[in-house]
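What the coordinates show
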Amino acid sequence: MVQNTQRDQRRAADFVKRYNPPRIFGDFKWKHVVTVEQFERADLDILFKVATSLRRRVASHDPDVSQLARGYLMASLFFEASTRTDLSFQAAMRRLGGEVITPSGGVQFSSVYKGENLADTVRAAACYADVIALRHPERGASYEAAYYLDTLRGRITRQTVVLSGGDGIGEHPTQALLDLFTILDQKQSLDNLTITLVGDLKHGRTVHSLAKLIARFENARTRVNLVSPESLKMPREIVAYLNVRKVATIETDRLTDVIGKTDVIYWTRVQEERFENPTEYDAIADAFIMTPDLLAQAQDDAILMHPLPRKHEMGTPSDHDLLDEDTRSVYFAQMENGMFVRMALLALVLGLEV
Ligand code: NCD
């Protein structure tokens, strides 16, 4: 991870207040994607329809798919570790026939090494690429990137959009989109579903975005259980976001009260790298461990999701194997969907004819 100063952190977080991300309102073209709050339900319908169609076309090796983004470039700027988000963005762009550029030695050997700030790094990428996939350890970094990319309008020959691949402990919008796509794929609708988010709800950006996205389905009578240790509760503003939209929400640290009455179990890793104090981490590291015995308490038609990577919160490596065999575990499909949803998003923001 590239280390940044506290001043940089405050600066990035200020952009969450200062920068107003464009609402999609049915038109994705050249819109930055930094928060799920930009999406209405109708936008999700458009995105998921395209993702479903691209998934089918990729499966049938439709040769036209790899012509869609010909001539377009995506810059991949990952200031923080990633396997799935980075690879799936790259795979998505390449499967559409576009190309990917990234600093040869990773961002740590770009001019970031010389102390260049984010505003200048993203504008350098914008001079060469049409879209930037950005992951950054600071909350608000993608808002800051979007703001500075907008300052280039009219000053260089093209436009460039940023797609957030995760902003510190803030949001991870594209993950939530693929998570919701997976839930709808498995359950057809959110109507009457009980969704249980478990683990580090304080630092987990995936659950922040997913909770807000579920709240978009105000009339679906979806219930959300937020299960975490007391010290890792969901940020108050996200709980308020759910409450204002009348999503029935239960906060508890007792998983056994809710696991048997849950349709979607969304497991998360305790975000060890976000803890300032290792003893705080040690105190709760083992609070929630998914094991085959625990999954046995879930409904037969429940699904088990995880954004991955997983560590001990899914037990031992042999527990992993046993959980993987359970047909209720859908995290591999979830992962694969990540590529299709990102393909759809790239196609829509670039205005490709899909
Ligand atoms: C998540 C992330 O980076 O926030 N991973 C991902 O993008 N699939 C979850 C995590 O790291 O625990």
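Each chain carries its own residue numbering, running from 1 in the direction its sequence is written. With pLDDT at 70 or above as the cut-off, local features in this predicted model cover only qualifying residues; side-chain atom pairs require 80 or more to be listed or tallied, and sums for whole chains, interfaces and linings still use all residues. In computing side-chain properties, one takes all heavy atoms of the structure into account and sets aside hydrogens as well as water.

1. Considerations on the site of the ligand
Defined as follows: Note on terminology: near, applied to a residue and a molecule or strand, indicates that one of the residue's heavy atoms is within 4 Å of it. In protein, a polar contact requires one atom able to donate a hydrogen and another able to accept it; more generally it is a pair of N or O atoms within 3.5 Å, and residues adjacent in sequence count only if both atoms are side-chain atoms. Surface accessibility in these figures is a Shrake-Rupley result with a 1.4 Å probe; residues are shielded only by whichever protein chains are displayed. How far each domain reaches was decided by an automatic or database domain assignment.
Around the ligand lies a shell formed by Thr-85, Arg-135, His-172, Gln-175, Arg-205, Thr-206, Arg-269, Gln-271, Pro-307, Leu-308 and Pro-309. His-172 has a polar side-chain atom sitting 2.8 Å from an oxygen atom of the ligand. A distance of 2.8 Å separates an oxygen atom of the ligand from a polar atom in the side chain of Gln-271. In isolation the ligand has 320 Å² of accessible area, and contact with the protein removes 94% of it. For the shell around the ligand, the domains that each give at least three residues are domain 1 (6-172 + 338-349) and domain 2 (174-335).

2. A word on the domain arrangement of the chain
Interfaces are often sized by the amount of accessible area the parts lose when they come together. Basically, it comes down to this: As a working definition, buried area equals the accessible area (1.4 Å probe) given up by two parts on being put together, with both sides summed. Basic side-chain nitrogens of Lys or Arg form a salt bridge, by our definition, when they fall within 4 Å of a carboxyl oxygen of Asp or Glu.
Splitting the chain by domain gives domain 1 (6-172 + 338-349) and domain 2 (174-335). Look at where the C-alpha atoms of domain 1 and domain 2 centre, and you get two points 25 Å apart. In this assembly, domain 1 packs against domain 2 so that about 2500 Å² is buried in total across both faces, 58% of it on carbon and sulfur atoms. For Glu-171, the salt bridge goes to Lys-212, with nearest N and O atoms at 2.8 Å. On inspection of domain 1 and its partner domain 2, the count reaches 18 residue pairs in polar contact (both at pLDDT 80 or more).

3. What about the pairing of strand β5 (residues 194-198)?
Worth spelling out the cut-off: Summary of the burial criterion: residues with accessible area below 20% of their type's maximum are buried, those above 50% are exposed, and those between are partly exposed, where the area comes from a 1.4 Å probe applied to protein chains only. The helix count covers DSSP runs of H or I at least four residues long, the strand count covers runs of E at least two residues long, and both are numbered beginning at the N terminus. Only strands that DSSP links by at least two bridges are regarded as paired with each other. Crossovers are described as right-handed under a simple rule: with the strands pointing away from the observer, the path leading from the first strand over the helix to the second runs clockwise.
In terms of residue burial, β5 counts as a mostly covered element, since five of its five residues are buried. What you see with β5 is no split at all: Thr-194, Thr-196 and Val-198 on one side and Ile-195 and Leu-197 on the other are buried throughout. Sheet analysis places β5 next to strand β6 (residues 223-227), joined by five bridges and oriented parallel. Bridge pairing links Thr-194 to Arg-223 in β6. Each parallel crossover has a hand, and the one from β5 via helix α7 (residues 205-214) to β6 is right-handed. Bridge analysis of β5 against strand β8 (residues 264-267) gives four bridges, and the strand direction is parallel. Bridge pairing links Val-198 to Trp-267 in β8.

4. Some thoughts on helix α8 (residues 236-244)
So the rule is basically this: To obtain the arc, one takes the directions from the helix axis to the C-beta atoms. We call two residues contacting when some pair of their heavy atoms lies within 4.5 Å.
Among all positions in α8, only Ile-238, Val-239, Tyr-241 and Leu-242 are buried. An end-on view of α8 places all buried positions within 155° of arc, on one side of the element. Across from the buried face of α8, at angles greater than 90 degrees, the exposed residues are Glu-237 and Val-244. Packing partners of the buried residues in α8 comprise α7, β6 and β7 (248-252). Remark: Lys-246 follows α8 within two positions and exhibits a positive phi of approximately 60°.

5. Some details on the packing of helix α6 (residues 173-187) against α7
So the rule is basically this: Every angle, taken between N-to-C directions, lies between 0 and 180 degrees, and every axis is a line fitted to C-alpha atoms, over only the stretch in contact when it is a helix. Relative orientations are named as follows: roughly parallel for angles under 35 degrees, roughly antiparallel for angles over 145 degrees, roughly perpendicular for angles from 65 to 115 degrees, and oblique for any other angle. Take the far helix as the reference: if the near one is turned anticlockwise from it by less than a right angle, the crossing is left-handed, and if turned clockwise, right-handed.
Axis separation between α6 and α7 bottoms out at 8 Å; the angle between their running directions is 55°. The angle between the axes of α6 and α7 places the two elements in the oblique class. Relative to α7, α6 is oriented so that their crossing is right-handed. Taking contact as the criterion, the partners of Pro-173, Gln-175, Ala-176, Leu-177, Asp-179 and Leu-180 in α6 are, on α7, Thr-206, Ser-209, Leu-210 and Leu-213.

6. What about the packing of α6 against helix α13 (residues 331-349)?
Definition in use: In this classification, Asp, Glu, Lys and Arg are treated as charged, Ala, Val, Leu, Ile, Met, Phe, Trp, Tyr, Cys and Pro as nonpolar, and every other residue, Gly included, as polar.
Here α6 crosses α13 at 115°, and the two axes come no closer than 9 Å. Where α6 crosses over α13, the two elements pack in a sense that is right-handed. For the pair α6 and α13, contact is made by Thr-174, Gln-175, Leu-177, Leu-178, Asp-179, Phe-181, Thr-182 and Asp-185 and by Gln-334, Asn-337, Gly-338, Val-341, Arg-342 and Leu-345, respectively. Counted by class, the contact of α6 with α13 contains five nonpolar, six polar and three charged residues.

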